[in-house]
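What follows is each chain in one-letter form.
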Amino acid sequence: VHKAYKSFLDLDTTKIKATNEQKNNLLGLLEKKVRISKSRSLDDVIEIKTISAVFPIIHGSYGEDGKMQGFFAVLGIPIIGCQVLASAISMDKISLNFITDAIGIDRAKWFPVSTNENATDVALRVDSIIGSYPVFIKPSNAGSSVGISKVKNAKELEVALIEARKHDSRIL
């Protein structure tokens, strides 16, 4: 029999996000499972003593890209769901597309955009590889909608490339 413990971890700041009441309730639960510093602050480092498994219900960077899975693997704590490699490949759209190409999965035409390609270069490749507009420009390692642009013509490519490059140096 296992108990589930809800956490409110903000991976951008490594702080626990919760109301004071939620933090106190969580502290009470965690005291049974971890050793907490004397200050009883969730912002302090805690030592994991007994956790049967982690079931991450988290979206985007640090949650779906293999980083969290790798962290728990290093700690020796089992994780429910995809492991490090599957998570990392699934988040990296360029790597995933190369793999799906290699095993013959049919899907939309695509190509990776190198860091030194400008809008004119990309427009030429759109014409030769994709064939027509609209196209979607997106960062390779961002969430499904982060930094994505629907481009209706070659004139819109530059703005889309700038937006995608705000989120990743690798884009498609």
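A quick note: this is a predicted structure, and the numbers were derived from the prediction, not measured.

A.B. asks: I'd like a rundown of the overall build of the chain, residues and numbers included.
C.D. replies: The helix and strand tally for the chain stands at 6 helices and 6 strands. The order of helices and strands in the chain, counted from the N terminus, is β-β-α-β-β-α-α-α-α-β-β-α. By the burial criterion, 30% of the 172 residues in the chain qualify as buried. The contacts in the chain between residues at least 6 apart in sequence include a share of 42% that link residues at least 24 apart. Within the structure as shown, the chain displays about 11300 Å² of accessible surface, and the carbon and sulfur contribution to it stands at 57%.

A.B. asks: An account of the side chain of T100 is requested, with residue identities and associated values reported.
C.D. replies: Within the element layout of this structure, T100 appears in helix 4 (residues 93–102). There is a polar contact of 3.0 Å between the side chain of T100 and the backbone oxygen of N97. Each residue touching T100, except ones within four places of it in the same chain, is listed here: I105 and R107.

A.B. asks: Could you give an account of helix 6 (residues 157–165), with specific residues and numbers?
C.D. replies: If you check which residues of helix 6 are buried, you get L157, A160, L161 and A164. End-on view of helix 6: buried residues confined to an arc of 100°, all on one side of the axis. Exposed side chains of helix 6 directed beyond 90 degrees from the buried face belong to E158 and V159. In the core, the buried residues of helix 6 are packed alongside helix 5 (119–130), strand 5 (135–137) and strand 6 (149–151).

A.B. asks: I'd like to hear about the side chain of D65, residue by residue, with values.
C.D. replies: In this fold, D65 is placed in the loop between strand 4 (47–48) and helix 2 (67–75). By relative accessible area, D65 is classed as buried at 14%. Side-chain polar atoms of D65 contact the side chain of K67, separated by 3.0 Å.

A.B. asks: I'd like to hear about the confidence of the model for the chain, residue by residue, with values.
C.D. replies: Per-residue pLDDT for the chain averages 79, and the proportion of residues at 70 or more is 69%. Long-range and interchain partners of residues 33–38, a stretch whose pLDDT sits below 50, account for 17 contacts in this model, where long-range means more than four residues apart. Low confidence marks residues 42–48, where pLDDT is under 50. Its contacts with residues over four positions away, or in another chain, come to 18 contacts.

A.B. asks: I'd love a proper account of the packing of helix 5 against helix 6, names of residues and values included.
C.D. replies: With their axes 9 Å apart at the nearest point, helix 5 and helix 6 run at an angle of 105° to one another. As judged from the angle between their axes, helix 5 and helix 6 are roughly perpendicular. Counting all contacts with helix 5, which are made through A119, V122 and A123, the residues of helix 6 involved are L157, E158 and L161. Here the contact of helix 5 with helix 6 is built from residues that sort into 5 nonpolar, no polar and 1 charged.

A.B. asks: How would you explain the packing of aromatic side chains if you had to name every residue and give the values?
C.D. replies: The relation between two aromatic rings is expressed through the spacing of the ring centres and the mutual angle of the planes. Evaluation of the coordinates by the stated rule reveals 2 aromatic pairs. Centre to centre, the rings of F71 and F72 are 5.1 Å apart; their planes meet at 70°, and the pair counts as edge-to-face. Look at F98 and W110: their rings are 5.1 Å apart centre to centre, the planes differ by 75°, and that puts the pair in the edge-to-face class. Highlighted residues: F98 in helix 4 and W110 in the loop between helix 4 and helix 5, separated in sequence by 12 residues.

Cut-off values and rules
- Residues numbered from 1 in each chain as written.
- Predicted model: local features only at pLDDT ≥ 70, side-chain atom pairs only at ≥ 80, totals over all residues.
- Heavy atoms only, no water.
- Helix = DSSP H or I, 4+ residues; strand = E, 2+ residues; numbered from the N terminus.
- Buried < 20%, exposed > 50% of the residue type's maximum accessible area, 1.4 Å probe, protein only.
- Contact = heavy atoms within 4.5 Å.
- Areas by Shrake-Rupley, 256 points an atom, 1.4 Å probe, with all protein chains shown as cover.
- Polar contact = N/O pair within 3.5 Å; in protein donor to acceptor, adjacent residues only side chain to side chain.
- Arc of directions from axis to C-beta.
- pLDDT = per-residue confidence, 0-100.
- Axes fitted to C-alpha atoms, helices over the stretch in contact; angles between N-to-C directions.
- Parallel < 35°, antiparallel > 145°, perpendicular 65-115°, else oblique.
- Nonpolar A, V, L, I, M, F, W, Y, C, P; charged D, E, K, R; others polar.
- Phe/Tyr/Trp six-rings, centres within 6.5 Å; stacked < 30°, edge-to-face > 60°.

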